[in-house]
Amino acid sequence: MTRDMTAGKPMQLIWQFSIPLVFGNLFQQMYNMVDTIIVGKYLGLSALTSVGSTASLTFLIIGFCMGTCSGMGVPVAQFFGAKDYSAMRKYIMNAAYLGIFIAAVLTVVTCLLCGPILTLMQTPADIYQGAYDYLFIIFLGIPFTILYNIVSAIIRAMGDSKTPFYFLVLSTVLNIVLDLAFIIIFQMGVAGAAWATILAQAISGILCFIYMKRKFDILTFTKQERKLQMSYIRRLTVMSVPMGLQFSITAIGSIMLQSAVNVLGSVYVSAYTTAVKVNQLAMCPFDAFATAASTFGSQNLGAKQFKRIRQGLFCSVFIAVIYGVAIGIVLVLAGSKIALLFVDASETVVLGYIQQMLNFSGIFFWLLAFLNCFRLTIQGLGYSVIAMFAGCSELAARGIMSVAVIPALGFAGVCITNPLAWLAANCVVIPVFFAVIRRLERKYTGGTISRTQ
């Protein structure tokens, strides 16, 4: 069911839209973490570290796919809000063409470069083969990742955040069942966890696409709307690729940080990768509130309701700050307990380092409320290139820490890197939003949004 977010109380709309996204993102993380949990429990710490050491590389590529697909939903939301459904359908069809091209290129390139990148990251020899096997298979599944995320972005752009959640639940359940079967019954090791992941996503993506085609009457295409049109491809590329690169910029910083941690040794690698998993689980609601703000902003830009754009953003930030303070307290008080999902209680040294890192994250977690909501709203307004460059401050902070501070301070330097990166990004992205909204008000007041501008 579609939802028009250009009318009604912003706080209520943001909250209603966010709740399925919160649970959906939690299931997305569970989907990603099931491999780690089952690998850690049934294959041991070495196999867990193999999978965990690929996290930043996986985020670099899969994050690019997810960001790019989300960007393709921006013009869909704008023209849905403007009630121009023909233009909306043209963007959807051309998004499909662009997605097929990106999937083909990324799959070939990433599979060929798995080995060289792991070597460049100084991946320890004792975990190299497991890391390679896992990463290569995950990259083979890129077409299914793009399929699911494009379909989900389109559905969310029309105000429906529930349907993608239902298919994420299905995917997560499938992943758990296949993981247990491939690892315990068929004893396929780390590779079994990767195969389970891509098969589950393939089934979920295909079923989600079939559902969208059958249930959304608004998506009945004419012959003209099915045509490949380069003007639409260009605008989709300009909006979506920078959003994908934003994820990649963040991932590059994470790779630099991962490389710095790898030099410290396997114990620190285990602690870092596990703490990252806990942090990712805690971050899920931030992404949901930010996505709600972005969709709300996109639809209301289409309707040229700039006051509502601000209202939606501030409502999202308010909710996210409350959550950030609450989850931060949980991480400080019980972070190492949550980490027992991934490591055995006997790994006391690793758990100690995990808690040390989560203490710093927890204290500063509320910064992510501002960073995510402001950044995704800027992207939802069509300024994804500016948002991407704003993210470079985050990359710079992680790069400086990885090169200049961590070698001197060791794991303590690792612990303070992410909070400093969040602060640096906020110093850029918040003033950028206000500059963007003022520019849009001057540009569109009294005018209309062009279909292919």
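Conventions adopted
For every chain, the first residue of the written sequence is number 1, and numbering continues from 1 along that sequence. Local features in a predicted model are, by the rule used here, given only for residues with pLDDT of at least 70; side-chain atom pairs are given and counted only at 80 or more, and totals for whole chains, interfaces and linings are based on all residues. Based on all heavy atoms of the structure, the side-chain values leave hydrogens and waters out of the count. Each salt bridge in this description consists of a side-chain nitrogen of Lys or Arg and a carboxyl oxygen of Asp or Glu lying within 4 Å of one another. To qualify as a helix, a DSSP run of H or I must reach at least 4 residues; to qualify as a strand, a run of E must reach at least 2; elements of each kind are numbered from the N terminus. With a 1.4 Å probe rolled over the protein chains alone, any residue whose accessible area is under 20% of its type maximum counts as buried; one over 50% counts as exposed, and the rest are partly exposed. Polar contacts, as used here, are pairs of N or O atoms within 3.5 Å; protein pairs need one atom able to donate a hydrogen and one able to accept it. Residues neighboring in sequence count only if both atoms are side-chain atoms. Should any heavy atoms of two residues lie within 4.5 Å, those residues are considered in contact. To obtain each axis, a line is fitted to C-alpha atoms, and for helices this fit is confined to the stretch in contact; angles are then taken between N-to-C directions over 0 to 180 degrees. Each residue gets one of three labels, nonpolar for Ala, Val, Leu, Ile, Met, Phe, Trp, Tyr, Cys and Pro, charged for Asp, Glu, Lys and Arg, and polar for the others, Gly among them. Nonpolar cores were defined as sets of buried Ala, Val, Leu, Ile, Met, Phe, Trp, Tyr and Cys residues, with membership established by side-chain atoms within 4.5 Å. For patches, a residue must show more than 30% relative accessible area and have no salt bridge; joins then use 9 Å for like charges and 5 Å for nonpolar side chains, namely Val, Leu, Ile, Met, Phe, Trp and Tyr. Reported accessibility uses the Shrake-Rupley method at a 1.4 Å probe radius. Residues are deemed covered only where the shown protein chains occlude them. Positive residues here are Lys and Arg, negative ones are Asp and Glu, while His and the chain termini are left out of the count. Charge positions come from single atoms, namely NZ of Lys, CZ of Arg, CG of Asp or CD of Glu. For Phe, Tyr and Trp, rings pair up if their centres lie within 6.5 Å, where Trp contributes its six-membered ring, and each pair is then called stacked (planes under 30 degrees apart), edge-to-face (over 60) or tilted (otherwise). Helix span, expected: 1.5 Å multiplied by one less than the number of residues in the helix. Across the chain, bend at a residue is computed as the angle between axes fitted to the seven residues ending at that point and the seven starting from it. The cut-offs work like this: below 35 degrees is roughly parallel, past 145 is roughly antiparallel, 65 to 115 is roughly perpendicular, and the gaps in between are oblique.

Re the pattern of salt bridges
Under the counting rule described, the total for this entry stands at four salt bridges. Here arginine 89 and glutamate 225 are joined by a salt bridge, their closest N and O atoms 2.9 Å apart. With arginine 89 in helix H4 (residues 85-120) and glutamate 225 in the loop between helix H8 (189-215) and helix H9 (230-264), the pair connects residues that are 136 residues apart, well separated along the chain. Per residue, the accessibility class of arginine 89 equals that of glutamate 225, and both read buried. Arginine 310 is the partner of glutamate 441 in a salt bridge, and the nearest nitrogen-oxygen pair spans 2.9 Å. In this pair, glutamate 441 sits in helix H16 (residues 411-444) while arginine 310 sits in helix H11 (residues 306-338), placing the two residues 131 residues apart along the sequence. Of the residues examined, arginine 310 reaches a relative accessible area of 22% and is grouped as partly exposed. A single salt-bridge network, built from bridges that share partners, covers Arg375, Glu394 and Arg398.

Notes on unusual backbone geometry
A positive phi angle, close to 65 degrees, is found at lysine 83, a residue other than glycine. Considering the arrangement of structural elements, one finds lysine 83 in the loop between helix H3 (55-81) and H4. Judged by relative accessible area, which is 41%, lysine 83 ranks as partly exposed. Phi at glutamine 187 takes a positive value of approximately 50 degrees, unusual for a residue other than glycine. Secondary-structure assignment places glutamine 187 in the loop between helix H7 (162-185) and H8.

Some remarks on the side chain of threonine 273
Along the chain, threonine 273 falls in helix H10 (residues 266-302). Here serine 270 takes part through its backbone oxygen, which lies 3.2 Å from a polar atom of the side chain of threonine 273. Beyond its immediate chain neighbours, meaning those up to four positions away, threonine 273 contacts Gly52, Ser53 and Gln258.

Some details on the packing of H9 against H10
Describing two packed helices takes the angle between their axes plus the distance from one axis to the other. Where H9 meets H10, the closest approach of the two axes is 7 Å, and the angle between their N-to-C directions is 150 degrees. Taken together, the residues of H10 that come into contact with H9 (itself represented by Ser254, Leu257, Gln258, Val261, Asn262 and Leu264) are Tyr268, Val269, Tyr272 and Thr273. Its residues assigned to classes, the contact of H9 with H10 comprises six nonpolar, four polar and no charged.

What to know about the nonpolar core
Counting 66 residues, the largest nonpolar core has Ile354 and Leu381 as the members making the most contacts within it. Secondary structure elements with two or more residues in this core: helix H1 (10-42), H9, H10, H11, helix H12 (348-364), helix H13 (367-380) and H16. In terms of residues, this core owes the most to one element, H10, which gives 14 residues. Core analysis: the second largest hydrophobic core is formed by 63 residues, Ile38, Tyr134, Tyr148 and Phe167 among them.

What about a positive patch on the surface?
Positive charge collects at one region of the surface, where Arg438, Arg439, Arg442 and Lys443 lie side by side. As for its placement among the helices and strands, lysine 443 is situated in helix H16.

A short note on the packing of aromatic side chains
Taken as a whole, this structure holds 20 aromatic pairs when the rule is applied. Pairing tyrosine 132 with phenylalanine 136 gives two aromatic rings, centres 6.0 Å apart and planes at 20 degrees, and the pair type is stacked. You can see tyrosine 132 and its partner phenylalanine 136 sitting in helix H5 (residues 125-140), four residues apart, about one turn around the helix. Given the relative accessible area of 28%, phenylalanine 136 is considered partly exposed. Note on phenylalanine 182 and phenylalanine 186: the rings are 6.2 Å apart at their centroids and 55 degrees apart in plane angle, and the pair reads as tilted. These aromatic residues form a ring-pair network of at least three members: Phe286, Phe289, Tyr323, Phe365 and Trp422.

Considerations on H11
In this model, H11 (33 residues) spans only 42 Å end to end at C-alpha, well below the 48 Å of a helix rising 1.5 Å per residue. At valine 332, H11 is deflected by roughly 60 degrees, the largest bend along its length.

Section: the packing of H3 against H4
Relative to each other, H3 and H4 sit at 175 degrees, their axes nearing to 10 Å. Relative to H4, the element H3 lies roughly antiparallel. Its residues assigned to classes, the contact of H3 with H4 comprises 20 nonpolar, three polar and no charged.

Regarding the environment of glycine 24
Along the polypeptide, glycine 24 turns up in helix H1. A relative accessible area of 4% places glycine 24 in the buried class. A C-alpha to C-alpha distance of 26 Å links glycine 24 and glycine 253, two positions 229 residues apart in sequence. Discounting chain neighbours no more than four positions away, the residues touching glycine 24 are Phe165 and Leu168.

What to know about a nonpolar patch on the surface
There is a patch of nonpolar side chains on the surface, built from Tyr42, Leu43, Leu140, Ile176, Leu180, Ile184, Ile185, Phe186, Met188, Trp195 and Leu199 and spanning about 960 Å² of accessible area. Among the elements that take part in the nonpolar patch, H7 stands out by supplying four residues, more than any other. Turning to its location among the elements, leucine 140 is positioned in helix H5. Leucine 140 gets classed as partly exposed once you look at its relative accessible area, which sits at 33%.

Quick word on H13
Taking 1.5 Å per residue, 14 residues should reach 20 Å; H13 reaches 20 Å between its end C-alpha atoms and fits that length. Burial analysis of H13 places twelve of its 14 residues in the buried class, the great majority of the element. All of the buried residues in H13 are Leu367, Leu368, Ala369, Leu371, Asn372, Cys373, Phe374, Arg375, Thr377, Ile378, Gln379 and Gly380. Just past H13, the residue glycine 382 takes up positive phi, approximately 95 degrees.

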